[in-house]
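These are the residues of each chain, in order.
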Amino acid sequence: MSASVSTRSSVLDELAWRGLLYDQTEGLAAHLEAGPVTAYIGFDPTADSLHVGSLLPILHLVRLQRAGHHAIAVVGGGTGMIGDPSGKQKERQLLTTEIVEANIAGIRGQLARFLAFDGVDNPARIVNNADWLLSAQLVDFLRDVGKHFSVNVMLARESVQRRLKGEGISFTEFSYQLLQAWDFQVLHERHGCTLQLGGSDQWGNIVAGIDLIRRMSGGARAYGLVSPLVTTSAGVKFGKTEAGTIWLDPKRTSPYRFYQFWRNTPDSDVARYLRFFTFLDAEAIDDLVAADPGAAQLQLAHEVTAMVHGEDAVTRAVRASELLFSRGGGETDLRDAGLSADDVLAVFDDVPSSRIDASRFDGDGMALAELFALAGVTPSKGAARRLIREGGAYVNNRRLRDEQTAITRDDCLDGTLLILRKGQKHYHLVTLAADDAEVAS
């Protein structure tokens, strides 16, 4: 597939055709054309991993860097201890210094997968705003920064108004916009940064920073650009599923589940997500969508999973899908496919299931026919024996033909889960339960 390549003068055009340009300050196009410029985006360390919603701002920096501009990723070691009220209905729980530092370490490693921090020609920078925020003296900050802010203007911000109409807002969160504005001023002073990017909910904070730079730097100009907040065609916040947030950390969201998240993109969203989250050009995207939405979903899943987890992860995810659904997967044991019990539970969330006391699988384990009957896959041991002799009994995708085959804990995914199958389509999940009264016996 083709990848789009930007120049300094065309990066705004690219963001526009991709649907990523919600608003911008006056004069930005000319500023970019006269570049290269230095731009930044902030990432809050509220967890030790970024999530799929973070991909859009990450890719903004990548597109700018590829176009010859200078990218700065700011991790909010200082602001993260307060929390941005933008888009939030209630105040966040405050994090300890130790948690914030651990979260920053995780985020730093993830950003390095996308941005060339060690590049020879145009290296990106990663900075921590704790370097200046945590050492600031309160009185000095109020005198040097706070005096440039009007409380009337701060109260008029949409994020503040929303909270005032609800449960209210603390002085701590109310002051967040001063801190983010000061970030922009410090980056302007230290690194010549003249552009801040973010989601549309950040517009007020960005404008506050632009105004602070003008006031503190003798009229210097700075610029802002915001993108629309991503939702599904149904109006649901992007990246939120019934199973929870889709994380970039493979320990939080396995590459298989990550791949499936993108693979299951609704037809109505796939063209938009290909524009948002890949580097494919307009012609390639149009051809994919016109040919077959299913092919477009597969390509979207491939592109994003490879970008986040690598090509090997894509290969394993595709293979696991084939094995789970027996589409050319043969009879390979699912334990060899790199799947976890959580992966399987996410895929088969509506499949019949039962719980069996884990102790039944200790020692010599449980005979195959007894397992199928006890789980309720067959009505009796006799029916289970007939099913096995006819070649219709599978455990973890592996066809078993001996009714006396012993199933032990070693046969389970993560030592806790078995996937039974009768014929080609009838699945049943067995969870090993310890000290649980509500189990089959």
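Undergrad: Whenever I open this one, the pairing of strand β15 (residues 426–433) confuses me. Can you help?
TA: Along any regular strand the residues' side chains alternate between the sheet's two faces. Across the 8 residues of β15, 6 count as buried, placing the element largely inside the fold. The pairing of strand β9 (residues 353–357) with β15 spans 5 bridges and is parallel. For D357, the partnering residue across the bridge sits in β15 and is A433. The pairing of strand β14 (residues 417–422) with β15 spans 6 bridges and is classified as antiparallel. By the bridge assignment, L420 is partnered in β15 with H428. Linking two consecutive strands that pair antiparallel, namely β14 and β15, is a turn of 3 residues; a positive phi of about 70° is found at G423 within it.

Undergrad: Can you help me understand the packing of helix α18 (residues 368–375) against helix α19 (residues 381–389) in this one?
TA: Any two packed helices are characterised by how steeply their axes cross, that is the angle between the axes, and by the distance between the axes. Between α18 and α19, the shortest axis-to-axis distance is 8 Å and the interhelical angle comes to 125°. Considered as vectors, α18 and α19 are oriented oblique to each other. Note that α18 runs across α19; the crossing there is right-handed. Where α18 abuts α19, its residues L368, A369, E370, F372 and A373 lie against K381, A384, R385, L387 and I388. Among the residues making up the contact of α18 with α19, the classes are represented as 7 nonpolar, no polar and 3 charged.

Undergrad: Explain the pairing of strand β5 (residues 193–199) to me, please; I cannot follow it from the model alone.
TA: Of all 7 residues making up β5, 7 are buried, and the element is well covered by its neighbours. Relative to β5, strand β2 (residues 38–43) is paired through 3 bridges, and the arrangement is parallel. Each residue of the ladder has a partner; that of A39, found in β5, is L195. Where β5 meets strand β6 (residues 223–227), 5 bridges bridge the pair, whose relative direction is parallel.

Undergrad: Teacher, can you tell me more about the confidence of the model for the chain here?
TA: Detailed conclusions should not be drawn from predicted coordinates in areas where pLDDT is low. Chain-level pLDDT for the chain is 86 on average; 90% of the residues reach the 70-or-more range. Mean pLDDT values over the elements of the chain span from 64, in strand β7 (residues 240–241), up to 97, in β6.

Scoring rules and cut-offs
Residues numbered from 1 in each chain as written. Predicted model: local features only at pLDDT ≥ 70, side-chain atom pairs only at ≥ 80, totals over all residues. Heavy atoms only, no water. Buried < 20%, exposed > 50% of the residue type's maximum accessible area, 1.4 Å probe, protein only. Helix = DSSP H or I, 4+ residues; strand = E, 2+ residues; numbered from the N terminus. Pairing = 2+ DSSP bridges. Axes fitted to C-alpha atoms, helices over the stretch in contact; angles between N-to-C directions. Parallel < 35°, antiparallel > 145°, perpendicular 65-115°, else oblique. Left-handed = near helix turned anticlockwise from the far one by under 90°. Contact = heavy atoms within 4.5 Å. Nonpolar A, V, L, I, M, F, W, Y, C, P; charged D, E, K, R; others polar. pLDDT = per-residue confidence, 0-100.

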